[in-house]
Amino acid sequence: MKKILAIHTGGTISMSLNDQGGVVQNEQNPLDNNEGLGLTGIEVETDELLNLPSPHMTPSAMLKIKNRIQQAAAAGIDGVVVTHGTDTLEETAYFLDLTLPNTIPVVVTGAMRSSNEIGADGVFNFKSAVEVAAADAAQNKGVLVVFNTGIYSARYVTKTHTTSVDTFKDPIYGTLGTVDHDQVIFAQQLIGSEYTEIDHVVEGVYLVKAYAGMTGELFDAINAAKPRGVVIEAMGAGNLPAVTLPAVQRLLDQQVPVVLVSRCFSGYAQPIYAYPGGGIELQSMGIVFCEQLNGPKARMKLIVGLSCGKSGRTLAEYMANALS
Ligand code: ASP
């Protein structure tokens, strides 16, 4: 018998549609009753740790989830499922991936339709996630996201559609595997995984998206707030309007780590272009290219790196290393 801990944190998966047509939080989580799921050889324990719509999720709440998982692992649990709102699911999943030792399977899931809507996907996703968390094949795969039959690496998965049940995708590498009629099938192996021990999370890490016609004002406004770090979703392979550069330089002059990702849906950020504001100039200024992550994930990584005390070259290497 495998013992799986379900940590509920809120989101649509635990909500329902009210008479006015709005989706709201429930007093009683519809997932609390696991009878009828048809799980064989798996016992599910439940912890209602949080009940948050996921736009209310914070790095401190993520730390609480991480600590709860480590406590359960120390007590001998075989695997953990975290249910979560989908809006920030990818951030929590990646935070856990960055901060948990890879000792037991940890699977994050949610739902796009609340519990009493026609075609509700929560129970199906939850059951699939429990099956993955209990699977021997899920060991050493880092934190996983299971959604709509797909199994994804927390490192790359992202929410791609506002309402479709087929919303979670890994735009670069696709699925690691699938859950098909209770069978957990892995087809890809995760290469490399490092974790970083933290006991607190720093605040003041900002995320800014570049746009055509952007000037330096946003960067100066962030600078005035005394930031700990800034992630820029730059254009294309990693370029910015040249007029923003003096303001970005003012951040760097204050020793604020500035990390660059691409605002593109898929692909790598790389210093390719040599025109003013092109990636080559940005890299030579001291901006760190974080090749494969999207903006929200790079921000999570920067929070984790700063929270464990990394700075300067060590922080830059951590952010630039695609496999840590
Ligand atoms: N807005 C909801 C949330 O993230 C969406 C969901 O859970 O699917 O809490």
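As recorded in an unreviewed UniProt entry, the chain goes by the name Asparaginase, listed as coming from Fructilactobacillus myrtifloralis. On record in UniProt, under Sequence similarities (unreviewed entry), the comment for the chain is "Belongs to the asparaginase 1 family."

J.: Would you mind showing me how to read the packing of helix α4 (residues 217-224) against helix α5 (residues 245-253) here?
T.: When two helices pack together, their arrangement is given by the angle between the helix axes and the distance between those axes. Two elements in contact, α4 and α5, have axes whose closest approach is 8 Å; the angle formed by their N-to-C orientations is 20°. Viewed along their axes, α4 and α5 adopt a mutual orientation that is roughly parallel. Crossing hand, α4 versus α5: left-handed. Taking contact as the criterion, the partners of Phe219, Asp220 and Asn223 in α4 are, on α5, Ala247, Val248, Arg250 and Leu251.

J.: Just checking my understanding: could you explain a nonpolar patch on the surface for this structure?
T.: Together, Ile272, Tyr273 and Tyr275 make up an exposed nonpolar region whose accessible area comes to about 300 Å². Among the secondary structure elements, Ile272 is positioned in the loop between β15 (258-262) and α6 (279-285). We classify Ile272 as partly exposed; its relative accessible area is 46%.

J.: Is there a simple way to explain α5 in this structure?
T.: The periodicity of an α-helix, 3.6 residues per turn, causes residues three or four positions apart to be oriented the same way. Restricting attention to buried positions, one finds in α5 the residues Leu245, Ala247, Val248, Leu251 and Leu252. Buried residues of α5, seen end-on, are gathered within an arc of 160° and therefore sit on one face of the element. As for α5, its buried residues are in contact with α4, β14 (229-234), β15 and α6. Trailing α5 by a residue or two, Gln255 shows a phi angle of about 65°, which is positive.

J.: Explanation requested: unusual backbone geometry in the structure shown.
T.: A negative phi angle is the norm for most residues apart from glycine, just as the trans form is the norm for most peptide bonds. The backbone phi angle of His181 is positive, close to 45°, even though this residue is not glycine. Positive phi values are uncommon outside glycine, yet Asp182 reaches one of about 70°. Looking at the secondary structure, you find Asp182 in the loop between β11 (177-180) and β12 (183-186).

J.: Would you take a moment to explain the packing of helix α2 (residues 89-99) against helix α7 (residues 295-307) for this structure?
T.: Their axes nearest at 9 Å, the elements α2 and α7 cross at an angle of 35°. For the crossing formed where α2 meets α7, the hand is right-handed. Residues Glu90, Glu91, Tyr94, Phe95, Leu98 and Thr99 of α2 lie in contact with α7, whose contacting residues are Pro296, Lys297, Met300, Lys301 and Val304. Along the lines of polarity and charge, the residues of the contact of α2 with α7 split into six nonpolar, one polar and four charged.

J.: What's the story with the site of the ligand in this structure? I'm lost.
T.: The full set of residues close to the ligand is Gly11, Thr12, Pro53, Ser54, Pro55, Gly85, Thr86, Asp87 and Ala111. A distance of 2.8 Å separates an oxygen atom of the ligand from a polar atom in the backbone of Thr12. Within the side chain of Ser54, a nitrogen or oxygen atom sits 2.5 Å from an oxygen atom of the ligand. In isolation the ligand exposes 260 Å². Once the protein is present, 85% of that is buried.

J.: So what exactly am I meant to see when it comes to the sheet that holds strand β8 (residues 150-153) here?
T.: Through backbone hydrogen bonds, the strands of a sheet pair up, either in parallel or in antiparallel fashion. An order of β4-β1-β5-β6-β7-β8-β11-β12 is seen for the eight strands of this open sheet, with the pairing classed as mixed. Whereas interior strands pair on both sides, the edge strands pair on one side only; in this sheet they are β4 (42-48) and β12. Across this sheet, the average inter-strand angle for adjacent strands is 25°, counted without regard to direction. The pairing of strand β7 (residues 144-147) with β8 spans four bridges and is classified as antiparallel. Among the inter-strand pairings, Val146 is bridged to a residue of β8, identified as Ile151. Against the sheet, α2 contacts β5 (79-83), β6 (106-109) and β7, and its axis sits at roughly 170° relative to β6.

J.: Would you take a moment to explain the UniProt feature "domain: Asparaginase/glutaminase C-terminal" (unreviewed entry) in the chain for this structure?
T.: Taken from the UniProt record, the annotation "domain: Asparaginase/glutaminase C-terminal" (unreviewed entry) applies to residues 205-319. Measuring from the first to the last C-alpha atom of residues 205-319 gives 14 Å, for a span that is 39% helix and 16% strand.

J.: Looking at this model, I keep getting lost on the UniProt feature "active site" (unreviewed entry) in the chain. Mind explaining?
T.: Residues annotated in UniProt with the feature "active site" (unreviewed entry) correspond here to Thr86. Its place among the elements puts Thr86 in the loop between β5 and α2. Filtering out sequence-adjacent residues up to four positions away, Thr86 remains in contact with Ser54, Gly110, Ala111, Met112, Phe147, Lys159 and Phe168.

J.: Would you take a moment to explain the layout of surface pockets for this structure?
T.: Where empty space is left can be seen by rolling a probe of water-molecule size over the atoms. In this model, the largest pocket occupies a volume close to 370 Å³. Every residue lining the largest pocket is counted, 21 residues in all, and those nearest its centre are Thr158, Cys264, Phe265, Asn294 and Gly295. When residues of the lining of the largest pocket are assigned to their parent elements, the largest contribution, three residues, is made by α7. Looking at side-chain class alone, the lining of the largest pocket contains seven nonpolar, seven polar and seven charged residues. Considering only enclosed or pocket space, the second largest pocket measures out at about 270 Å³ in volume.

Rules used throughout
- Residues numbered from 1 in each chain as written.
- Predicted model: local features only at pLDDT ≥ 70, side-chain atom pairs only at ≥ 80, totals over all residues.
- Heavy atoms only, no water.
- UniProt positions renumbered as here; feature names shortened; annotations may be inferred.
- Axes fitted to C-alpha atoms, helices over the stretch in contact; angles between N-to-C directions.
- Helix = DSSP H or I, 4+ residues; strand = E, 2+ residues; numbered from the N terminus.
- Parallel < 35°, antiparallel > 145°, perpendicular 65-115°, else oblique.
- Left-handed = near helix turned anticlockwise from the far one by under 90°.
- Contact = heavy atoms within 4.5 Å.
- Patch = residues over 30% accessible without salt bridge, like charges linked within 9 Å, V, L, I, M, F, W, Y side chains within 5 Å.
- Areas by Shrake-Rupley, 256 points an atom, 1.4 Å probe, with all protein chains shown as cover.
- Salt bridge = Lys/Arg side-chain N within 4 Å of Asp/Glu carboxyl O.
- Buried < 20%, exposed > 50% of the residue type's maximum accessible area, 1.4 Å probe, protein only.
- Arc of directions from axis to C-beta.
- Nonpolar A, V, L, I, M, F, W, Y, C, P; charged D, E, K, R; others polar.
- Near = heavy atom within 4 Å.
- Polar contact = N/O pair within 3.5 Å; in protein donor to acceptor, adjacent residues only side chain to side chain.
- Pairing = 2+ DSSP bridges.
- 1 Å grid on protein atoms, 1.4 Å probe; cavity = no way out; pocket = protein on both sides within 12 Å on 5 of 7 lines; lining within 4 Å.
- Points joined across faces, edges and corners; volume = space filled by probe spheres on them.

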